[in-house]
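# Topology and contacts: notes
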Amino acid sequence: MLKKMVVFGLLALTMAGCGSPSANDKPKSTSSVEIASKYYHQLDKKEQSKVFFTFKAVADDSQGGGKYIVDMKVRNGTKSQLKFDLSKFILSTSNTDDPIKSVKHGDLIIAPMRTKTVSGLFDSATAANFNGVGEFCYLSRDFLLAYSYGADKAAGATTDNLKVASLIAQNKAATQKPSASAVSTQSQAATSAPASEASQQASQAVASTSAAGVATEAQAETILRNWFASDGGVSFDDTFKNGLHIFEGPAGWSFVDSNGLSWSVFKDGRIKGPGDPQE
């Protein structure tokens, strides 16, 4: 009798173990955590500083006219999945000229801590864009990625060049828009005075600014612009259209064109052009 009871008990335990699984026996979920996806302009400044750009220009003789294509490499150092609208990249050359626009379309998506390269982002740049003023941007100058200077060199132009003082100075001078009052005054003078009278006004502007002394780079540029205007020959913008480097020294500022020719504006307002005797 005892044996029968033991056997019956074992059978009951076995049947209970073969029953339907409990809630705790259900397989665990295998879903992964979704990574946030953001467009570059939606990142804060700290996050944007973790995104590194390299622009490399390559001569394209198939087009003729000294054209270059520009490849872009982007490293996403953020924790977000990064997105760009490829059509929104621009190469700005000054505050007046139209920017060179990307020829690519669609979204570029880069996972966290990954790098991607886009070939031929621009296809109509020239050597002048890499020897003087120029800025690679996304959407606008509010999202400056790198200066274009040296993009045709072996290392290309990278985000690191945004810290180079000489590039900051030359791009700021070229892209800074004149104030509304200055534009209005210049426009009124040009429309109301004959050519000879306008030249005389420019000369007087040089003299008045010089008498007060030159304290900033912007004042030095104004003096030099007025000097070119009073000379009646080639304008300031035409002289430096292929490149401008501005250097500050103890005595004043030097404005150097793409050919290495230099115009100096001293802090007492004097101007020295290329070929002028040393003082």
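My aim in this report is to walk through the structure given alongside it, one point at a time.

## Some thoughts on the overall build of the protein
Looking only at helices and strands, one finds seven helices and 15 strands in the protein. A buried classification covers 34% of the 279 residues belonging to the protein. Looking at the protein alone, contacts between residues at least 24 apart form 54% of all its contacts between residues at least 6 apart. As displayed, the protein has an accessible area near 16,700 Å², and 55% of this comes from carbon and sulfur atoms.

## Section: the layout of surface pockets
Put simply, the second largest pocket is a space of about 270 Å³. What lines the second largest pocket is a set of 16 residues, among which Tyr 40, Gln 48, Ser 49, Thr 159 and Leu 162 lie closest to the centre. When contributions to the lining of the second largest pocket are tallied by element, the ones reaching two or more residues are helix H2 (45-48), strand S2 (51-59) and strand S10 (140-147). When residues in the lining of the second largest pocket are grouped by element, the largest group, four residues, is from S10. The residue inventory of the lining of the second largest pocket, partitioned by class, reads eight nonpolar, three polar and five charged.

## A short note on the pairing of strand S14 (residues 262-266)
Consecutive residues of a regular strand have side chains that alternate between opposite faces of the sheet. Burial analysis of S14 places four of its five residues in the buried class, which makes it a mostly covered element. Judged from the five bridges that link them, strand S13 (residues 252-257) and S14 form a sheet pairing that is antiparallel. Looking at S14, one finds that Ser 254 is bridged to Ser 264. Taken together, S13 and the strand that follows it, S14, pair antiparallel across an intervening segment of four residues, in which Gly 260 is found at a positive phi of about 85°. Where S14 and strand S15 (residues 271-272) come together, two bridges link them in antiparallel fashion. Its bridge partner being in S15, Val 265 is matched across the sheet by Ile 271. Linking S14 to S15, which pair antiparallel, is a turn of four residues; within it Gly 269 sits at a positive phi near 95°.

## Structural notes on the pattern of salt bridges
A complete count under the given rule lists six salt bridges for this structure. The shortest N-O distance in the salt bridge between Glu 47 and Lys 38 comes to 3.6 Å. Taking relative accessible area as the criterion, Lys 38 reaches 27% and is therefore assigned partly exposed. Linking Arg 270 and Asp 268 is a salt bridge whose minimum nitrogen-to-oxygen distance equals 2.7 Å. Looking at Arg 270, the relative accessible area reads 34%, which means it is partly exposed.

## Thoughts on the packing of aromatic side chains
Counted under the stated rule, the structure contains 19 aromatic pairs. Between Phe 84 and Phe 89, the ring centres sit 5.5 Å apart and the planes meet at 35°, which makes this aromatic pair tilted. Owing to a relative accessible area of 0%, Phe 84 belongs among the buried residues under this scheme. Ring geometry for Phe 84 against Tyr 138: centres 5.4 Å apart, planes inclined by 90°, an arrangement best described as edge-to-face. Residue Phe 84 is located in strand S4 (residues 81-85), and its partner Tyr 138 is located in strand S9 (residues 135-138); the two are separated by 54 residues in the primary sequence. In terms of burial, Phe 84 and Tyr 138 fall into one category: buried. Taken together, the aromatic side chains of Tyr 40, Phe 53, Phe 55, Phe 84, Phe 89, Phe 122, Phe 136, Tyr 138 and Phe 143 make up a single cluster linked through ring pairs. Of note, Lys 267 hangs over the ring of Trp 253, and the distance from its end group to the ring centre comes to 5.6 Å. Cation over ring: Arg 270 sits above Phe 266, and NZ or CZ is 4.3 Å from the ring centre.

## Structural notes on the sheet that holds strand S7 (residues 107-110)
What the three strands build is an open sheet, ordered S1-S4-S7; its pairing is mixed. Two strands lie at the open edges of the sheet, namely strand S1 (37-39) and S7, each paired on one side alone. When strand polarity is set aside, the average angle formed by the axes of neighbouring strands in this sheet is 25°.

## Quick word on the environment of Ile 168
Among the secondary structure elements, Ile 168 is positioned in helix H3 (residues 165-175). Exposure remark for Ile 168: the relative accessible area of 35% places this residue in the partly exposed category. Separated by 35 residues in the primary sequence, Ile 168 and Val 133 place their C-alpha atoms 9.7 Å from one another. Setting aside anything within four residues of it in sequence, one finds Ile 168 in contact with Tyr 147, Leu 162 and Lys 163.

Conventions we followed
- Residues numbered from 1 in each chain as written.
- Predicted model: local features only at pLDDT ≥ 70, side-chain atom pairs only at ≥ 80, totals over all residues.
- Heavy atoms only, no water.
- Helix = DSSP H or I, 4+ residues; strand = E, 2+ residues; numbered from the N terminus.
- Buried < 20%, exposed > 50% of the residue type's maximum accessible area, 1.4 Å probe, protein only.
- Contact = heavy atoms within 4.5 Å.
- Areas by Shrake-Rupley, 256 points an atom, 1.4 Å probe, with all protein chains shown as cover.
- 1 Å grid on protein atoms, 1.4 Å probe; cavity = no way out; pocket = protein on both sides within 12 Å on 5 of 7 lines; lining within 4 Å.
- Points joined across faces, edges and corners; volume = space filled by probe spheres on them.
- Nonpolar A, V, L, I, M, F, W, Y, C, P; charged D, E, K, R; others polar.
- Pairing = 2+ DSSP bridges.
- Salt bridge = Lys/Arg side-chain N within 4 Å of Asp/Glu carboxyl O.
- Phe/Tyr/Trp six-rings, centres within 6.5 Å; stacked < 30°, edge-to-face > 60°.
- Lys NZ or Arg CZ within 6 Å of the ring centre and 35° of its normal.
- Axes fitted to C-alpha atoms, helices over the stretch in contact; angles between N-to-C directions.

It is worth stressing that arrangement in space is one thing and function is another; only the former is reported here.
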